Structures are given as C-alpha cells and as structure tokens.
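Read off the chains here:
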Protein chains: 2
Amino acid sequence: MPQIRPDWIAVDWGTTNVRAWAMTDAGDVLGALNSTDGMCKLSRDEFEPALAKLLAPWMTDAPVDVLACGMLGSLQGWVEAPYRATPCAALASETVQAPSVDPRFSVRVVPGVRQNKPADVMRGEETQIAGYLAKNPKFDGVLCLPGTHTKWVHISAGEIVSFQTFLTGEMFAALSTHTVLRHSIDPIGWDDAAFDDALADALSRPDRLAARLFTVRAEGVLNGQSGGVARARLSGALIGAELAAAKPYWLGQQIVVIGASFLARIYMRALEAQGGAPHFADAAEMTIDGLTAVRQNAKAGP
Amino acid sequence: MPQIRPDWIAVDWGTTNVRAWAMTDAGDVLGALNSTDGMCKLSRDEFEPALAKLLAPWMTDAPVDVLACGMLGSLQGWVEAPYRATPCAALASETVQAPSVDPRFSVRVVPGVRQNKPADVMRGEETQIAGYLAKNPKFDGVLCLPGTHTKWVHISAGEIVSFQTFLTGEMFAALSTHTVLRHSIDPIGWDDAAFDDALADALSRPDRLAARLFTVRAEGVLNGQSGGVARARLSGALIGAELAAAKPYWLGQQIVVIGASFLARIYMRALEAQGGAPHFADAAEMTIDGLTAVRQNAKAGP
C-alpha cells in the first residue's frame, strides 16, 4: 500500500471522537483516520500527542498544515477559539493557532458561533454549514443538523441569522440507558409505525413527554410491547416535541437535513409527515467541504 | 438500650432502598431500620437473607409477622403480587405470602395497582394512598406523589379511579448526571426565583423542553450562570411541563402532595404559583399508616 501524502489535513475533533481526512489542495480526500480520543478524555496538553498518534501513518519530515473544527476549540479544549456572534457569515475568515512543539504539523482551529439571546452555542456545526453553503451559495432557508445537540439554523444571504439547539439526542441516550426505560428498550430495534404514531401524538400534545415516557415502560410491563417498538416510541416522542417547538423554524421553509444516515432519515420522515419536503446532505462530507472552504477563504485573506 | 420487641414489622421495599419499622398492634412505631438492599440489587433468593440481616436487631425465637409493600412484589422481586386493576378500593383486602424458610418471620406482600388504558402501574404508592385515606376517609380529590416516578391519582369514594405516572424525577436524575448539563449543575444548589421563572416559562410553552435544557447549558458557558440556578431551572422546566400535562388532574381540585420534604415543597410551591392550595402529607408516615390499615383490613377479612 503506497503511503498517503496529504497536502493538508482536515480534522473534526468532537467531544467523544476525532476524525481526520488526508486532503489534496484541490479538495479531494485521499484517506481517513479515526480515534476515540475525544475532547472529554483529554487535558489541554494531551491534544498534541493524541493528534501525533492519530496522524502517524501520514507523517513525514515535511511539515503539514492541519485545519480543525469542533470541541478542541472550546475553553476545555486544546486552545480556545473565541466564538463569533450571530448574525455572522457562515464562512469563518479567521482561525486560531493551537500551541504545539511537534515540527511535523501546524494546527489551526475554526471558531464556533454564539448567539447572545437566547443564549446558544455551536462548535463544529458552523463548519458543516459553511460546507453546505460553499456548494449551495444561493441557499436561503433552514438547516437542521440532528445529533447529540440538534441545531436548527436560519440561513439568509450567506449568513447564520439565528439558531436554536435542542438536547434531544442526548436526552434519548440518557433516558434509554439511565432510567427504568432501559429494561423496555432494545438498543438497535426499530418500528416505523410506532415512530409515526408517537411522533403524531407528541406533536399534538408536546407537553405530555414525561407521561408518555412512563407509558412506554408500562406498555412493556403490562402488554409485552417489543424493545424495538419502545425505542421507536421514545424517539418519536422526543423528536415530535422538538418539531413542535421548532415549528417557527421549519414551517413553510426550504429545509435541508445535514446528518448521518439513520438519524437524518428519521428527521426527514418526521418532517415529511408534517408536509415538509426536506433535502439531505451528509454531515461528514459537509465538514470536509467546510474545512476546505475555510482554508481557501483564510488563504485569500490578509 | 432495651431491645425492641415489635408486634409486627412494616416494610417498604423499593428499587434502591429498604425501610423497616417495628410496630405495635396499636399502630405505634417503636423503631426503624434501613438498608440499601433494594430490589434492583437482589435476585429472587437473596430477598430472604437480606431481610434477615436487616431485621436481626429485632429478631428473637418468637416468630413475627412482616407486611411489606413496594417493588419486592414485582415480577423481578421476591414474589409476584399480581396487580389489582383500576377502579379499585384504595385499601387492599388480599396480600400474597412470600416463600421463606426462616422460622423467625412470615412475610406478606401488598399488591400493586395497574391501569389498563392508558397503561400504567404503581407499587408502593397504593399503600401511601391507603394510609392517607385511612386517616381521611371522606377525601375526594387528587393525590400527587412526587418521586422518581411521580403519580397523580384521582380518588373518589375511597377508590383509586384513575392515575397517571410521569418520569419527571428519573428524567431529572438522568439529565443532570448523564448529559452535558452535569458540567453546569450543582448537585445541591438551589434558587427559588430561577425555579419560579423556569416553571412559568415551561407552563406557557411546555413543548420547548429540549431547547430550554440546552439554554441552561449555554447560559452556564456564556453568562456564568451558577450551578444552583441551573439546577433550579432544570427542575422548574421538568415540573412545569409535568404540571401542564397533568392540568386535568389538578385544576380546580382538592390536592394533597404526599412526599418527602424538599421535593414535596417544590411541588407545592409550583401548585401554589398556579393558584392551587395543596396540603402536605409525609410519604413515610403514609406508608406506615397504609400498612397498618392493610393489616387490620386483612385481619378483619375471611
């Protein structure tokens, strides 16, 4: 296998995972590497050795530029990359140098975006947004980025106008593994009809979440409901409540869901059930496109 | 210290804790013992040794009756005490013998209560309800039993007419310790004004829970919100959503909150903010009164 020689390296450094892509100057991907050295496992001086270990297969004596987005730019990360405040261009024009001693790489970090009122923050999603807009510069509408902390983002004239974060994904994880629901839920099972029913129920009575969750448990105890049905009902209950609250974002708007396959699929299914016609974009591709766009933008700058 | 010689022993065997009270035939409490041998830690044949160990300070050669309520009567417990179905008398007239070999005690278990539609179950709360009604036989109205799984119970003519369980307490625990909110929340801090604000906000827009939770985090990151304020806001957001959904239960009704001190206090504060005038009853006292009433009722029976 010939060794990969990247022109530069794109990195998405999240809370629990790190992904790196070997890039050409033209924006093509030569290879990818992953690790579980997420921000939450590292103290400030452990980032550099973690990156050196991850990138070892691609390293030579020639120094290479690394451009990274995500939680490594937070206060608890490698270097704080101060938030840009909304409204702001989707594409960052400034990046922050991470302190390092290893001569083989030079690491710059893309800043996150903050909103002052209601208080909200993102780190990593701004780069996916920049990636989507790099390929769709005329887009005006709403981006939905489902994940641990799902974001709904209003885009107009190339700017992030406003956004709102929902804790839905993390609620799903905490409720399905750290409450009595863990006895009723199959960790990989699924049932589309149960999801649709729970979604419609949650949209019509979004306040009833805590009661609906106990019903998921009671149906398991009394009526032998399957673990896949229980999982789909929990998901439908949480996403339904989110869609009810996010309605000002998506109703009557052009919507693009940027996510990984399964989660994006169920958000699109939910939006379609409400009469929406969302488009799909792959989150990892958008991150790569976004880092490529930031690199070109920063190069063109002063 | 003279040894305690109970006429009988009352036991509340929950998921995580066991409490035992040494009782006289007249219903007076001579002493109490606790352990953390909750149902979730025990297989079926470990209940009897766990009870023998807990009750050792009170044991003599003379056999003693034990009457117990709670999760020991579940399918995963010591012996399954099949649910009674609503509508049903608050006071159980039948109990189930737990299999045991130790000649020093004989254990009977109070059955739980089920509701077929919407599916719902309780084990332990039915005994607190029976205790309240033993002292307040004319009560007609709503009992609120806040806890891990908060119950709202409609009582009329001495019967449990219907009830609804909310996962609120367990959601609070899972969200405050197993999501990003753990970085923002002080485990014992509190702020009444923050609770009141979050409660009012949640009552007016109960669908916005997942967004509100992320705002609690973002206010910590951006604006230095204290951990006590964050904890009170999470509590207010969850209890506000619960009150919004439980409104058909409490609006315009006579309400009694049966609980432990702090949690009962915040539920009462929340109900008072909505114009209610709830009364308070202590959960442990209601359990003791309820087991006393069941014992007398069962004695009077065939």
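Residues numbered from 1 in each chain as written. Chains lettered and ligands numbered in written order. Predicted model: local features only at pLDDT ≥ 70, side-chain atom pairs only at ≥ 80, totals over all residues. Heavy atoms only, no water.

Undergrad: Mind laying out unusual backbone geometry, listing which residues take part and the relevant values?
TA: The linkage connecting A:Lys117 with the following residue, A:Pro118, adopts the cis geometry, with an omega of -10°. Position of A:Pro118 among the secondary structure elements: in the loop between strand 9 (113-115) and strand 10 (120-122). Backbone torsion omega between B:Thr86 and B:Pro87 reads -10°, so that peptide bond is classified as cis. Turning to its location among the elements, B:Pro87 is positioned in the loop between strand 5 (84-85) and strand 6 (88-89). A positive phi angle, near 50°, is found at A:Ala157, a position not held by glycine. When you line up the elements, A:Ala157 lands in the loop between strand 12 (150-156) and strand 13 (159-166). For A:Ala157, a relative accessible area of 69% puts it in the exposed group. (Helix = DSSP H or I, 4+ residues; strand = E, 2+ residues; numbered from the N terminus. Buried < 20%, exposed > 50% of the residue type's maximum accessible area, 1.4 Å probe, protein only.)

Undergrad: Let's hear about the pattern of salt bridges: which residues, and what values?
TA: Counted by the stated rule, this structure contains 20 salt bridges over all chains. Between A:Asp102 and A:Arg104 there is a salt bridge; the shortest N-O distance is 3.0 Å. For B:Arg269, the salt bridge goes to B:Asp192, with nearest N and O atoms at 3.5 Å. Pair noted here: B:Arg269 is in helix 8 (residues 261-273) and B:Asp192 is in helix 4 (residues 192-204), with a separation of 77 residues, a long-range link. Put simply, A:Asp192, A:Asp196, A:Arg265 and A:Arg269 are held in one network by salt bridges that share partners. (Salt bridge = Lys/Arg side-chain N within 4 Å of Asp/Glu carboxyl O.)

Undergrad: Quick one: what's the story with the sheet that holds strand 14 (residues 255-259) of chain A, residue by residue and with numbers?
TA: Residue and element names in this part refer to chain A. Read across the sheet, six strands follow the order 6-13-12-11-14-15 without closing on themselves; strand pairing throughout is mixed. Edge positions in the sheet fall to strand 6 (88-89) and strand 15 (279-282), since each has one partner strand and no second. Bridging between strand 11 (residues 141-145) and strand 12 involves five bridges; their strand directions are antiparallel. Among the inter-strand pairings, Leu145 is bridged to a residue of strand 12, identified as Lys151. (Pairing = 2+ DSSP bridges.)

Undergrad: Break down the relation of the copies chain B and chain A for me, citing the residues and quoting the values.
TA: In screw terms, the move from chain B to chain A is a rotation of 180° and a rise of 0.1 Å along the axis, fitting with an RMSD of 0.1 Å. Taken together, these values place the two copies in the relation of a two-fold axis. When the interface residues of chain B are mapped onto chain A, 100% of them again lie at the interface, so the same face is used by both copies. (Least-squares fit on C-alpha atoms with pLDDT ≥ 70 in both. Contact = heavy atoms within 4.5 Å.)

Undergrad: Before we move on, can you summarise helix 2 (residues 125-135) of chain A with the specific residues and values?
TA: Summarising burial for helix 2 of chain A: nine of the 11 residues are buried, a large majority. For helix 2 of chain A, the full list of buried residues reads A:Glu125, A:Glu126, A:Thr127, A:Gln128, A:Ile129, A:Ala130, A:Gly131, A:Tyr132 and A:Leu133.

Undergrad: Run through the packing of helix 6 (residues 227-245) of chain A against helix 8 (residues 261-273) of chain A, naming residues and quoting values.
TA: If you want to describe how two helices pack, look at the angle between their axes and the distance between the axes. Residues and elements named next belong to chain A. Close contact between helix 6 and helix 8 brings their axes to 11 Å; oriented N to C, the two are set at 60°. By the criterion of interaxial angle, the relationship of helix 6 to helix 8 is oblique. Judged by the sense of rotation from one axis to the other, the crossing of helix 6 with helix 8 is right-handed. For the pair helix 6 and helix 8, the contacting residues are Arg231, Ser235, Ile239, Glu242 and Leu243 in the first and Phe262, Ile266, Tyr267, Ala270 and Leu271 in the second. (Axes fitted to C-alpha atoms, helices over the stretch in contact; angles between N-to-C directions. Parallel < 35°, antiparallel > 145°, perpendicular 65-115°, else oblique. Left-handed = near helix turned anticlockwise from the far one by under 90°.)

Undergrad: How would you sum up the packing of helix 4 of chain B against helix 6 (residues 227-245) of chain B? Please name residues and give values.
TA: All names here are of chain B. Interaxial distance between helix 4 and helix 6 falls to 7 Å at its minimum, and their mutual angle equals 35°. In the crossing of helix 4 with helix 6, the sense of the turn from one axis to the other is right-handed. Residues Ala194, Phe195, Ala198, Leu199, Ala202 and Leu203 of helix 4 form the contact with helix 6, whose participating residues are Val229, Ala232, Arg233, Ser235, Gly236, Ala237, Ile239, Gly240, Ala241, Leu243 and Ala244. Taken together, the residues that form the contact of helix 4 with helix 6 break down as 13 nonpolar, three polar and one charged. (Nonpolar A, V, L, I, M, F, W, Y, C, P; charged D, E, K, R; others polar.)

Undergrad: Would you mind going over the side chain of A:Thr215 in detail, with residue names and values included?
TA: Summarising the element assignment, A:Thr215 is placed in helix 5 (residues 209-223). The buried category is assigned to A:Thr215, whose relative accessible area is 15%. Only 2.9 Å separates the side chain of A:Thr215 from the backbone oxygen of A:Ala211, close enough to count as a polar contact. Once residues within four sequence positions are removed from consideration, A:Thr215 is found in contact with A:Arg233 and B:Ala119. (Polar contact = N/O pair within 3.5 Å; in protein donor to acceptor, adjacent residues only side chain to side chain.)

Undergrad: Break down the interface of chain B and chain A for me, citing the residues and quoting the values.
TA: Facing the 39 residues of chain B at the interface are 39 residues of chain A. Together, the buried faces of chain B and chain A total about 3300 Å²; carbon and sulfur atoms form 70% of this surface. Our count for the chain B to chain A interface comes out at zero salt bridges. Ranked by residue count, the leading element in the side of chain B that touches chain A is helix 5 (residues 209-223) of chain B, at 11 residues. (Buried area = accessible area lost by both parts, 1.4 Å probe.)

Undergrad: Please set out the side chain of B:Thr24 residue by residue, giving values where relevant.
TA: Residues and elements named next belong to chain B. Positionally, Thr24 belongs in the loop between strand 2 (18-23) and strand 3 (29-35). Exposure remark for Thr24: the relative accessible area of 16% places this residue in the buried category. Ignoring sequence-local partners within four residues, the contact set of Thr24 consists of Asp7, Trp8 and Leu30.

Undergrad: Could you give me a rundown of the sheet that holds strand 10 of chain A, with the residues and numbers involved?
TA: Taken together, three strands build an open sheet; the order of strands is 5-9-10 (chain A) and the sheet is mixed. Looking along the sheet, the strands with just one partner apiece sit at the ends: strand 5 (84-85) and strand 10 of chain A. Strand direction decides the pairing type here: strand 9 of chain A and strand 10 of chain A, joined by three bridges, are antiparallel. Within the sheet, the bridge partner assigned to A:Val113 lies in strand 10 of chain A and is A:Met122. Lying over the sheet, helix 5 of chain B contacts strand 9 and strand 10 of chain A, oriented at roughly 85° with respect to strand 10 of chain A.

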